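Residues per chain are reported as follows:
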Amino acid sequence: MFIRFDLENKPKVEQAADGGLQVTVLDHILGLPVVLRPDLLTLASAVVPNPTEELGELFKVSRNAEGFFNEAHAKLRPVDFASDGIFLAGLAHYPKPIDESIAQAKAAAGRAATFLAQDMVQVGGVVAVVDPEKCAVCLTCVRTCPFNVPVIDYKVDAAYIDPAKCQGCGVCVSECPGKAIQLKHFTDSQILAQELALAAG
Ligand code: SF4
Ligand code: SF4
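Residues numbered from 1 in each chain as written. Chains lettered and ligands numbered in written order. Predicted model: local features only at pLDDT ≥ 70, side-chain atom pairs only at ≥ 80, totals over all residues. Heavy atoms only, no water.

Chemist: Is there a simple way to think about unusual backbone geometry in this case?
Modeler: Peptide bonds are trans in most cases, and residues, glycine excluded, mostly fall at negative phi. For Asn148, which is not a glycine, the phi torsion comes out positive at approximately 55°. Secondary-structure assignment places Asn148 in the loop between helix H3 (140-144) and strand E5 (151-153). In this structure Asn148 comes out as partly exposed when scored by relative accessible area, which is 45%. One non-glycine residue with positive phi stands out, namely His185, at about 75°. Locating His185 in the fold gives a position in the loop between strand E7 (181-183) and helix H5 (188-199). (Helix = DSSP H or I, 4+ residues; strand = E, 2+ residues; numbered from the N terminus. Buried < 20%, exposed > 50% of the residue type's maximum accessible area, 1.4 Å probe, protein only.)

Chemist: Looking at this structure, I do not really get the pairing of strand E2 (residues 21-27). What am I missing?
Modeler: One face of the sheet, then the other: side chains in a regular strand alternate in exactly this way. Taken together, the four bridges between strand E1 (residues 12-15) and E2 define a ladder with antiparallel strand orientation. Each residue of the ladder has a partner; that of Val13, found in E2, is Val23. With five bridges joining them, E2 and strand E3 (residues 32-36) adopt antiparallel strand pairing. Paired with Val23 across the strands is Leu36, a residue of E3. Once E2 ends, the chain turns through four residues before running back antiparallel as E3, passing Gly31 with a positive phi of about 70°. (Pairing = 2+ DSSP bridges.)

Chemist: In this structure, what is going on with the domain arrangement of the protein? I would like to understand it.
Modeler: Partitioning the protein into domains gives domain 1 (1-43), domain 2 (53-116) and domain 3 (128-199). Using C-alpha coordinates to define each centre, domain 2 is positioned 30 Å away from domain 3. In this assembly, four residues from domain 2 lie in contact with four residues from domain 3. Carbon and sulfur atoms supply 44% of the area buried between domain 2 and domain 3, which totals about 290 Å² over both sides. It is Lys60, Ser83 and Asp84 in domain 2 that bury the most area against domain 3; as a group they hold 87% of the surface buried on that side. In this structure, the connection of domain 2 to domain 3 is made through zero salt bridges. (Domains from an automatic or database assignment. Contact = heavy atoms within 4.5 Å. Buried area = accessible area lost by both parts, 1.4 Å probe. Salt bridge = Lys/Arg side-chain N within 4 Å of Asp/Glu carboxyl O.)

Chemist: Just to check I follow, could you spell out H5 for this structure?
Modeler: Side chains three or four residues apart in an α-helix point the same way, a direct result of the helix having 3.6 residues per turn. An ideal rise of 1.5 Å per residue puts 16 Å on 12 residues; H5 measures up with 16 Å between its terminal C-alpha atoms. Summarising burial for H5: zero of the 12 residues are buried, a small minority. (Expected span 1.5 Å × (residues − 1).)

Chemist: Would you mind showing me how to read the site of ligand 2 here?
Modeler: Among the 14 residues in the neighbourhood of ligand 2, the closest are listed as Cys145, Cys166, Cys169, Gly170 and Cys172. Looking at the shell around ligand 2 residue by residue, the class counts come to 11 nonpolar, three polar and no charged. (Near = heavy atom within 4 Å. Nonpolar A, V, L, I, M, F, W, Y, C, P; charged D, E, K, R; others polar.)

Chemist: Teacher, can you tell me more about the site of ligand 1 here?
Modeler: Taken together, the neighbourhood of ligand 1 is formed by Val130, Cys135, Ala136, Val137, Cys138, Leu139, Thr140, Cys141, Ala159, Cys176, Pro177 and Ile181. Split by residue class, the shell around ligand 1 holds 11 nonpolar, one polar and no charged.

Chemist: Help me out: how do you make sense of the sheet that holds E2 in this one?
Modeler: The strands that make up a sheet pair up through hydrogen bonds in the backbone, lying either parallel or antiparallel. With respect to topology, three strands assemble into an open sheet ordered E1-E2-E3, the strand pairing being antiparallel. Two strands lie at the open edges of the sheet, namely E1 and E3, each paired on one side alone. Looking at each pair of strands side by side, their axes are set apart by 25° on average, direction ignored. (Axes fitted to C-alpha atoms, helices over the stretch in contact; angles between N-to-C directions.)

Chemist: Would you mind showing me how to read the pattern of salt bridges here?
Modeler: Pairing of side chains with opposite charge becomes possible as their charged atoms draw close. Taken as a whole, this structure holds five salt bridges when the rule is applied. With a shortest N-O distance of 4.0 Å, Arg77 and Asp84 are connected by a salt bridge. Here Arg77 falls in the partly exposed class, since its relative accessible area comes to 31%. Among the residues examined, Asp84 registers a relative accessible area of 53% and is labelled exposed. The salt bridge involving Arg111 is made with Asp80; its shortest N-O contact spans 2.7 Å. Taken together, the residues Arg111 in helix H2 (residues 98-116) and Asp80 in the loop between helix H1 (53-59) and H2 connect sequence positions 31 residues apart. By relative accessible area, Asp80 is classed as buried at 4%.

Shown next, in the form of structure tokens:
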């Protein structure tokens, strides 16, 4: 049973007339004081995360408002991050008991093992590709990619996007001022053709 209280009306702990414990708390829904007579009173310590902003930025993984890390999907990918190959377990996720942390750590290790057990990892085909002839080395894609994928290849003086790292989000494609980047399977001409077909009914 949980009873919420506000900071103006904190629970009051007293010694009852019979010598036992008495806790009085104002239930904010009932608007009435609730009197409890516990055998034992234990204070739960708050669990607060270490500063995680820098780590989250580094690995491009999302955090909630309190600073705990978010899993990719609570039901379908509970120990994965949205970024491939990075897994989550324990209090970095949210305050939880040790048995739950251990179960989650085993799940994360199992997920990591599925990657490590493969001789070769296949990646998706929807990736961005730079045309070096059109690239002006303006660094827009380097700055805007949410996954820090594009780099400048000084051998050819153009941006390079590692297809194994690209998540296919298309941000760099839309931002490149020189139209030097195309997203495979979603090229500009394919998108335009689709739009024209839709407009023509
Ligand atoms: S945004 Fe386009 S032009 Fe600028 S560096 Fe990237 S690929 Fe080259
Ligand atoms: S498509 Fe998205 S993930 Fe891939 S390089 Fe461009 S911005 Fe980065």
